Amino acid sequence: MLLRHTTAKEIDRKALTINPAKTCQPVGAMFAALGIHGCLPHSHGSQGCCSYHRSALSRHFREPIMAGTSSFSEGSSVFGGSANLVQAIDTMFTVYKPEVIAVHTTCLSETIGDDLTQIISKANDDGCVPEGKQVIYCNTPSYVGTHVTGYSNQVAAFVKFFSTATPKKRNVINLVAGWMEPSDMREIKRLAKVMEARTILFPDMTDVLDAPLDGHYKLYPTGGTTIEEMKLTGDSKFTIGLGQSCTEDACIKLENKCKVKFEVVDIPIGFKATDRFLMSLSRHANLPIPDSLSDERGRLIDLISDSSKYLYGKRVALWGDPDTLIPLTEFLVSMDMKPVYVVTGTPSKYFDARMAEILKDIPEAKFKSGELADMFLMHQWIKQEGVDLLIGNTYGKYIARDENVPLIRFGFPIADRPGHNYFAKTGYEGGANLVKQIMDGLLDHIDTNCLEEKVEFQL
Amino acid sequence: MAHILDERKGQVSVAGANVATIDCNKASLAGSVSQRACVFCGSRVVLYPIVDALHLIHGPIGCAAYTWDIRGSLSSGPELHRLSYCTDLQEKDVIFGGVKKLYEAITELIELHKPKAAFIYTTCIVGVIGDDVEQVCRTIEDEAKIPIIPVQAPGFQGSKKDGYKVACEAIFRLVGTKSKPETPAKSINILGDFNLAGELWILLDYYKRMGVHVNATITGDGRVDDIANAHNAALNVVQCSGSMNYLAKMMKDTYNIPSMRVSYFGIEDMSDALYDVARFFKDDEMMDKARELVKEEFAKLMPQLTWYKERLTGKKAAIYVGGAFKAISLVKALRLIGVETVIVGSQTGTEEDYDLIKKLCNEGTIILDDSNPVELSHFVKEKKADIFIGGVKERPIAHKIGLGFCDHNHERKEPLAGYEGMINFAKEIYATAMSPVWKFTK
Ligand code: SF4
Ligand code: SF4
């Protein structure tokens, strides 16, 4: 047993995190920056961080991840990293020719107190930034928040640096994407298209982190929100943020800067959250929801009804990020399942409040967010009373094996299965995909584990 | 050469064409998309396979999250090393110091797991905020009566290679702290094998068949007590020049234990590794057994290898790996199955390594130190390589340009060492080079 060291009894921990259900800010910033076309993320710190973040993203998406690093040395840790960053900016524009460089900080550059505004204006003064190109930045110290915070900070920086209000308003809705797969974004764009809504999605990882294999390596893949589109977001008539923790900040900034009103809804996972998203879009774009989407919804409900006797009362443990856990937990409850344990390493009062609401009819349910909300705690809970299903990232595979419980892979990172960037979990069709995966997990488990005489042809 | 940064020209060389030595050991250029990692990374991967010790990372969460079970170093016993422990420093700790949190975390861990020893890694910011980690470690060492070893590994102090040295120093603090009375005279320590995919176990079997006692394995499937007793071995057999040479040197200086450099990749190098040990002990019986073993394994291996060679001849490979010594073995192993190497690069090679590579390779082979994706993909196209051998960051690039790929780094899933490793290697190269999928890419 790989996790034989887990004790069922909860130990008193004050300082020790074991098997975290989160990672650090910069990786989120790097991920978000990849959703802008022609953008090169840059990690202002030692090369180790950058290497880890690129590897983490590369393992998950199985795509090349490009990012520069300031390559701090002993000297930079004493005198600051200003010279490194100015040189890095020069080098990157000369060699990699991005449209924009998105600088994020690391623990180290934050701790020594580098002032990015100053350094970047120096790079501009020194003529390191070619005509028409831009350097944007955000602060992402890892000792504050998590990878989710980093994503949010980067998305807010897009607004801060790009969004511009002109007198010419456009009949367009901004969609701010929270942390999700390119497949999920593709589905959201499809839904908007079916509704004939004009939208700008940002950031947009479609055709970036799910790029087709055509024998060419493109430093800047064809996808991503263009800078032109980013600027236009200031003229849109409304903004819908998808996921509170990743997008609310950007929505607020956009309202303050360009007077674009906004609403934050959940990432459309499951039929309820999808209903809410479509209704919001319908209301603000002033367009009806077409019958074809109602049919999609009907097919999802049909699938759930066919599966309901197996779904009823199944105890589920889940972990990941607040923005996906909230609609996912709601979806499970709406299918009569019992999400009994929910853990996220990202501290969020909003998450706590929503969970309390969603889980109010399941008294045995436990949830926790923030410091010490880790996979070790989750495993201890499971040891105290077992579950039928796990939903979360690859770090759950040890628990799955030790406790002989099926695992549905969901979230970040997924390092041991391909395809999550191709098959959506958003929208009604994504919901159907999820139900199918859940049913496969539950029924495969029955087929392999039940007594021989109980194996049935028809389930 | 517009795709090469001017400042990097010294780090690119062509076998045969220029005599100048390659400019390595140089810090990555700021702004270049380096494939390199940091000091912490180097120390962590080396110490990680010590399976009955605790590995606690004192720093913010990221460094711990990224090194959680990333390397398939297998254990035949405890699995403590596969968990991720971290003090998860928060803003208040950065301002007021993390010493108290560290003390609590270590004591909580010892209470929980009763380990044999603990390694406490400090990352970039801990040095900057000024936590006295040594002091905390000494205090707990006195209280808990187990070795608590600080591993000071701020990433900015250098590259992965510098981290190896830090790890060696940490290991060396354990060496000589215990003596097992029964250590046989003809015993060796295996240095620099990390038991990826169970490779160490293959080697243990070979040495056992030769009648050699293996004293400590450092660090693959490693145990604290064995390492403490490592000074009682007669010889250090060191693989992978990068990571463990420094430990071997310290053990030579302090305990007068000689060392030899070996490689377990490819049949030539593997056989030499066995013969050299027998030769060292001046033991004819041992040598006979080694010859017997090699003969046996050869007989099993050759027919299969010939099958692959017939089919792979004419294919071209590009290599980009961490250590240059490994690259050298790979060039030889590839040659054995008919594959010519057209590009060789490494993250951490030394001048001698690169000179050796130049001598070994055909004229025109491109040699790279600390490369980046743009450069790599350019050269791969120019040299018309069919297969790329590298690590996690190179795989998707290779695939995007329609090349086969073989992971020879941490993420290998089948053992590639020893004779059976050679077959696995040939099979993997064949499967990826010949995959029909590449026909559909254009
Ligand atoms: S936690 Fe900080 S130091 Fe560690 S990888 Fe993340 S940014 Fe780098
Ligand atoms: S460079 Fe420093 S902060 Fe970054 S991963 Fe390495 S030790 Fe951690």
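All figures in this text were calculated on a predicted structure; none of them were measured in a lab. Each chain carries its own residue numbering, running from 1 in the direction its sequence is written. Labels follow written order: the first chain is A, the first ligand is 1, and so on. With the structure being a predicted model, the display of local features is reserved for residues of pLDDT at least 70 and the display and counting of side-chain atom pairs for 80 or more, all residues being used for whole-chain, interface and lining totals. The side-chain values count all of the structure's non-hydrogen atoms but skip hydrogen atoms and water molecules.

(A) Summary view of the site of ligand 2. In the vicinity of ligand 2, the contacting residues are Ser46(A), Gly48(A), Cys49(A), Tyr52(A), Cys38(B), Phe40(B), Cys63(B), Thr123(B), Cys124(B), Ala153(B) and Gly155(B). Neighbouring residues of ligand 2 are distributed over chains A and B. Ranked by residue count, the leading element in the shell around ligand 2 is helix α2 (residues 47–61) of chain A, at three residues. For the shell around ligand 2, a count of residues per class yields seven nonpolar, four polar and no charged. Put simply, a residue is near a molecule or strand once any heavy atom of it comes within 4 Å of that molecule or strand. Under the DSSP-based scheme used, a helix requires at least four consecutive residues in state H or I and a strand at least two consecutive residues in state E, with every element numbered from the N terminus. Under this grouping Gly is polar, as are all residues other than the nonpolar Ala, Val, Leu, Ile, Met, Phe, Trp, Tyr, Cys and Pro and the charged Asp, Glu, Lys and Arg.

(B) Representation of the packing of aromatic side chains. Stacked, tilted and edge-to-face are the three classes applied to pairs of Phe, Tyr and Trp rings, where Trp contributes its six-membered ring and a pair requires centres within 6.5 Å; stacked means planes under 30 degrees apart, edge-to-face means over 60, and tilted covers the rest. Taken as a whole and judged by the stated rule, the model has 20 aromatic pairs over all chains. Ring centres of Tyr395(A) and Trp68(B) lie 3.7 Å apart, and the angle between their planes is 5°; on these two criteria the pair is classed as stacked. Remark: Trp68(B) occurs in the loop between α2 (61–66) and β3 (85–86) and Tyr395(A) occurs in the loop between β13 (389–392) and α16 (397–403); the pair is interchain, linking two chains. For Tyr395(A), a relative accessible area of 17% corresponds to the buried category. We call a residue buried when its accessible area falls under 20% of the maximum for its residue type, exposed when it is over 50%, and partly exposed in between, using a 1.4 Å probe and counting protein chains only. Take Trp68(B): its relative accessible area is 2%, and that puts it in the buried class. In textbook terms, an aromatic cluster arises when at least three aromatic residues are bridged by ring pairs, as seen for Phe31(A), Phe61(A), Tyr151(A), Trp179(A) and Phe412(A). Ring-over charges, as used throughout, are those where CZ of Arg or NZ of Lys falls within 6 Å of the ring centre and within 35 degrees of the ring normal. Lying over the aromatic face of Tyr246(B), Lys165(B) brings its terminal NZ or CZ to 4.9 Å of the ring centre.

(C) Inspection of the pairing of strand β13 (residues 387–390) of chain B at higher detail. Residue and element names in this part refer to chain B. Side chains of β13 alternate between two faces, with Ile387 and Ile389 and Phe388 and Gly390 buried alike. With three bridges connecting them, strand β10 (residues 316–321) and β13 associate as parallel partners. Across the sheet, residue isoleucine 319 finds its bridge partner in β13, namely isoleucine 389. Strand pairing requires that DSSP identify at least two bridges connecting the strands. Pairing between β13 and strand β14 (residues 404–407): four bridges, direction parallel. Opposite phenylalanine 388, over in β14, you have phenylalanine 405 as the bridge partner. Note on the crossover from β13 through helix α16 (residues 395–400) to β14: the handedness is right-handed. Seen with the strands pointing away from the viewer, any crossover whose path from the first strand over the helix to the second strand runs clockwise is right-handed.

(D) Layout of the sheet that holds β3(B). Spatially, β1(A)-β3(B)-β2(B)-β4(B)-β5(B) is the arrangement adopted by the five strands of the open sheet, whose pairing is mixed. Looking along the sheet, the strands with just one partner apiece sit at the ends: β1 (17–18) of chain A together with β5 (148–152) of chain B. As judged from the six bridges shared by strand β2 (residues 53–58) of chain B and strand β4 (residues 117–122) of chain B, these two strands associate in the parallel manner. Its bridge partner lying in β4(B), Leu56(B) is registered against Ile120(B).

(E) Focus on the nonpolar core. We define a nonpolar core as any set of buried Ala, Val, Leu, Ile, Met, Phe, Trp, Tyr and Cys residues linked to one another through side-chain atoms lying within 4.5 Å. Ranked by internal contacts, the top residues of the largest apolar core, which has 140 residues, are Tyr151(A), Phe277(A), Ile391(A), Ile438(A) and Phe119(B). By the convention used here, residues are in contact when the closest approach between their heavy atoms is within 4.5 Å. In this structure, Tyr151(A) is in contact with Gln25(A), Gly28(A), Ala29(A), Phe31(A), Ala32(A), Ala177(A), Gly178(A), Trp179(A), Met185(A), Pro203(A), Met205(A) and Cys246(A), ignoring residues within four places of it in sequence. If you look at the next biggest cluster of nonpolar residues, it comprises 64 residues, including Ile190(B), Phe265(B), Phe281(B) and Leu312(B).

(F) Summary view of the sheet that holds β13(A). All names here are of chain A. Judged by pairing direction, the sheet is parallel, and its five strands sit side by side in the order β12-β11-β10-β13-β14 without closing on themselves. If you trace the sheet from one side to the other, it starts and ends with β12 (366–369) and β14 (407–409), each paired once. Strand after strand, the sheet turns through a mean of 15° between neighbouring axes, direction not considered. Sheet topology note: the β13/β14 ladder contains three bridges and is parallel. Bridging from a neighbouring strand, glycine 392 pairs with arginine 409 of β14. Axis definition: a line fit to C-alpha positions, over the contact stretch in the case of helices; interaxial angles, taken between N-to-C directions, run 0 to 180 degrees. Along the sheet, helix α13 (residues 322–334) makes contact with β10 (315–319), β11 (338–344) and β13, crossing β11 at roughly 175°. Contacting β13 and β14, helix α17 (residues 427–449) runs over the sheet at an angle of about 155° to β14.

(G) Structural detail: helix α15 (residues 373–382) of chain B. All names here are of chain B. Within α15, seven of the ten residues are buried, which leaves the element mostly enclosed by the surrounding structure. Within α15, burial applies to Pro373, Val374, Glu375, Leu376, Ser377, Phe379 and Val380. Just downstream of α15, lysine 384 is the residue with a positive phi angle, here 55°.

(H) Structural detail: the packing of helix α1 (residues 25–33) of chain A against α2(A). Residues and elements named next belong to chain A. The contact between α1 and α2 brings their axes to 10 Å, and the two run at 60°. In this view, α1 runs oblique relative to α2, as classed from their interaxial angle. The interaxial crossing formed by α1 with α2 has right-handed handedness. Where α1 abuts α2, its residues Pro26, Val27, Met30 and Phe31 lie against Cys50, His53, Arg54, Ala56, Leu57 and Phe61. The class makeup of the residues in the contact of α1 with α2 is eight nonpolar, one polar and one charged. Angular relationships are summarised with four words: roughly parallel below 35 degrees, roughly antiparallel beyond 145, roughly perpendicular across 65 to 115, and oblique for the angles in between. Crossing handedness: left-handed means the near helix sits turned counterclockwise from the far one by under a right angle, and right-handed means the same turn made clockwise.

(I) Seen up close, the domain arrangement of chain B. Residues and elements named next belong to chain B. Domain segmentation is taken from an automatic or database assignment of domains. Partitioning chain B into structural domains gives domain 1 (39–159), domain 2 (187–292) and domain 3 (313–411). Using C-alpha coordinates to define each centre, domain 2 is positioned 27 Å away from domain 3. Accessible area that two parts lose when put together, with a 1.4 Å probe and added across both, is what the buried area reports. Between domain 2 and domain 3, roughly 910 Å² of surface is buried when both sides are summed, and carbon and sulfur atoms account for 62% of that area. A carboxyl oxygen of Asp or Glu within 4 Å of a side-chain nitrogen of Lys or Arg is what we treat as a salt bridge. Taken together, the connections running from domain 2 to domain 3 amount to one salt bridge. Between lysine 332 and aspartate 269 there is a salt bridge, with the nearest N and O atoms lying 2.8 Å from each other. Those elements that place two or more of their residues in the side of domain 2 that touches domain 3 are β9 (259–262) and α11 (267–280). Looking at which element gives the most residues to the side of domain 2 that touches domain 3, the answer is α11, with three residues.

(J) Molecular detail of the site of ligand 1. Around ligand 1, the neighbouring residues are Cys24(A), Pro26(A), Cys49(A), His53(A), Thr106(A), Cys107(A), Ser142(A), Pro60(B), Gly62(B), Cys63(B) and Tyr66(B). Residues close to ligand 1 are split across chains A and B. Sorting the residues of the shell around ligand 1 by element identifies α2 of chain A together with α2 of chain B as the ones contributing at least two each. Residue contributions to the shell around ligand 1 peak at three residues, all from α2(B). Here the residues of the shell around ligand 1 are counted per class, giving seven nonpolar, four polar and no charged.

(K) A look at the domain arrangement of chain A. All names here are of chain A. You can read the domains of chain A as domain 1 (25–161), domain 2 (170–210 + 219–291) and domain 3 (293–453). On a C-alpha basis, the centres of domain 1 and domain 2 stand 25 Å from each other. At the junction of the two partners, domain 1 supplies 31 residues and domain 2 supplies 32 residues. When domain 1 packs against domain 2, close to 2600 Å² is buried across both sides, 71% of that on carbon and sulfur atoms. Of all residues in domain 1, the largest losses of buried area upon contact with domain 2 belong to His37, Tyr151 and Val159, amounting jointly to 25% of the total for that side. Along the contact surface separating domain 1 from domain 2 lie zero salt bridges. A 3.5 Å cut-off defines polar contacts: any pair of N or O atoms within that distance qualifies, except that in protein one atom must be a possible hydrogen donor and the other a possible acceptor, and neighbouring residues in sequence count only when both atoms are side-chain atoms. Counting across the domain 1 and domain 2 interface gives eleven residue pairs in polar contact (both at pLDDT 80 or more). If one sorts the elements of the side of domain 1 that touches domain 2 by residue count, helix α7 (residues 147–161) sits on top with eleven residues. Here the side of domain 1 that touches domain 2 is composed, by residue class, of 19 nonpolar, eight polar and four charged.

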